[in-house]
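Structural description and commentary
Residues per chain, in single letters:
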Amino acid sequence: MELWRFVDAINQAGERPAAPADLQRFEETTGIFLPDDYCAFLMSCAGGRCVQKVSFDFPNGVWAGYVEDVGGLHKDPRYSLEQNRKSHPGPFTRIWCGS
């Protein structure tokens, strides 16, 4: 799926996309370096609730599920990478949730 279509599927709840300085601050503060394609996404979208059915597959092509929420540099704790990092100690892997 093209990035702009994915961004259109997400209700950002009025949040603004991340600026490069926001991403740098997140990475410096947390020590977590986000993948380049995810950074590109965050500079296009603040994250939030997926309001359209967007499915995804495992790398082997088997259907994996639907995207429900996408984490970002969001004020709402449900979609905040920083908040989720604080409330889920250990290796940080929760960027988005599928069902």
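This one's a predicted model, so the numbers in the text were calculated from it and none came from an experiment. (Residues numbered from 1 in each chain as written. Predicted model: local features only at pLDDT ≥ 70, side-chain atom pairs only at ≥ 80, totals over all residues. Heavy atoms only, no water.)

When helices and strands are counted, the chain shows four helices and five strands. Secondary structure elements in the chain, listed N-terminal to C-terminal, are α-β-α-α-β-β-β-α-β. Expressed as a percentage of its 99 residues, the buried residues of the chain come to 36%. Here the analysis covers contacts within the chain between residues at least 6 apart in sequence; of these, 64% occur between residues at least 24 apart. Element-wise, carbon and sulfur atoms account for 54% of the exposed surface of the chain, whose accessible area totals about 6300 Å². (Helix = DSSP H or I, 4+ residues; strand = E, 2+ residues; numbered from the N terminus. Buried < 20%, exposed > 50% of the residue type's maximum accessible area, 1.4 Å probe, protein only. Contact = heavy atoms within 4.5 Å. Areas by Shrake-Rupley, 256 points an atom, 1.4 Å probe, with all protein chains shown as cover.)

In this section: the packing of aromatic side chains. Following the criterion strictly, the structure yields three aromatic pairs and no others. On the numbers, 5.9 Å between centres and 20 degrees between planes, the contact of Y38 with F41 is stacked. Residue Y38 and its partner F41 are both found in helix α3 (residues 36-42); the two are separated by three residues, about one turn of the helix. Comparing Y38 with F41 shows no difference in burial state: the two are buried. A network of ring pairs unites the aromatic residues F6, Y38 and F41 as a single cluster. (Phe/Tyr/Trp six-rings, centres within 6.5 Å; stacked < 30°, edge-to-face > 60°.)

Once that is clear, we can look at the nonpolar core. Counting 19 residues, the largest nonpolar core has F6, L34, F41 and L42 as the members making the most contacts within it. Among the elements of the structure, α1 (3-8), α2 (20-30), α3 and β4 (63-70) are those that each provide at least two residues to this core. For this core, the element with the highest residue contribution is α3, accounting for four residues. When sequence neighbours within four positions are dropped, the list of residues in contact with F41 reads L3, F6, V7, I10, V70 and G71. (Core = buried A, V, L, I, M, F, W, Y, C linked by side-chain atoms within 4.5 Å.)

Relative to the helices and strands, E15 resides in the loop between β1 (10-11) and α2. Of the side chains with opposite charge, K75 lies nearest to the buried E15, which makes no salt bridge, at 4.9 Å. For E15, the residues in contact, after removing those within four places along its chain, are A46, L73, H74 and K75. (Lys, Arg positive; Asp, Glu negative; His and termini not counted. Salt bridge = Lys/Arg side-chain N within 4 Å of Asp/Glu carboxyl O.)

The next subject is the layout of surface pockets. Empty space among the atoms can be located by rolling a probe the size of a water molecule over them. Roughly 220 Å³ of internal volume is contained in the second largest pocket. Lining the second largest pocket are E15, R16, P17, A18, D22, R25, F26, T29, L73, K75 and E82. The element best represented in the lining of the second largest pocket is α2, accounting for four residues. Broken down by class, the residue content of the lining of the second largest pocket amounts to four nonpolar, one polar and six charged. (1 Å grid on protein atoms, 1.4 Å probe; cavity = no way out; pocket = protein on both sides within 12 Å on 5 of 7 lines; lining within 4 Å. Points joined across faces, edges and corners; volume = space filled by probe spheres on them. Nonpolar A, V, L, I, M, F, W, Y, C, P; charged D, E, K, R; others polar.)

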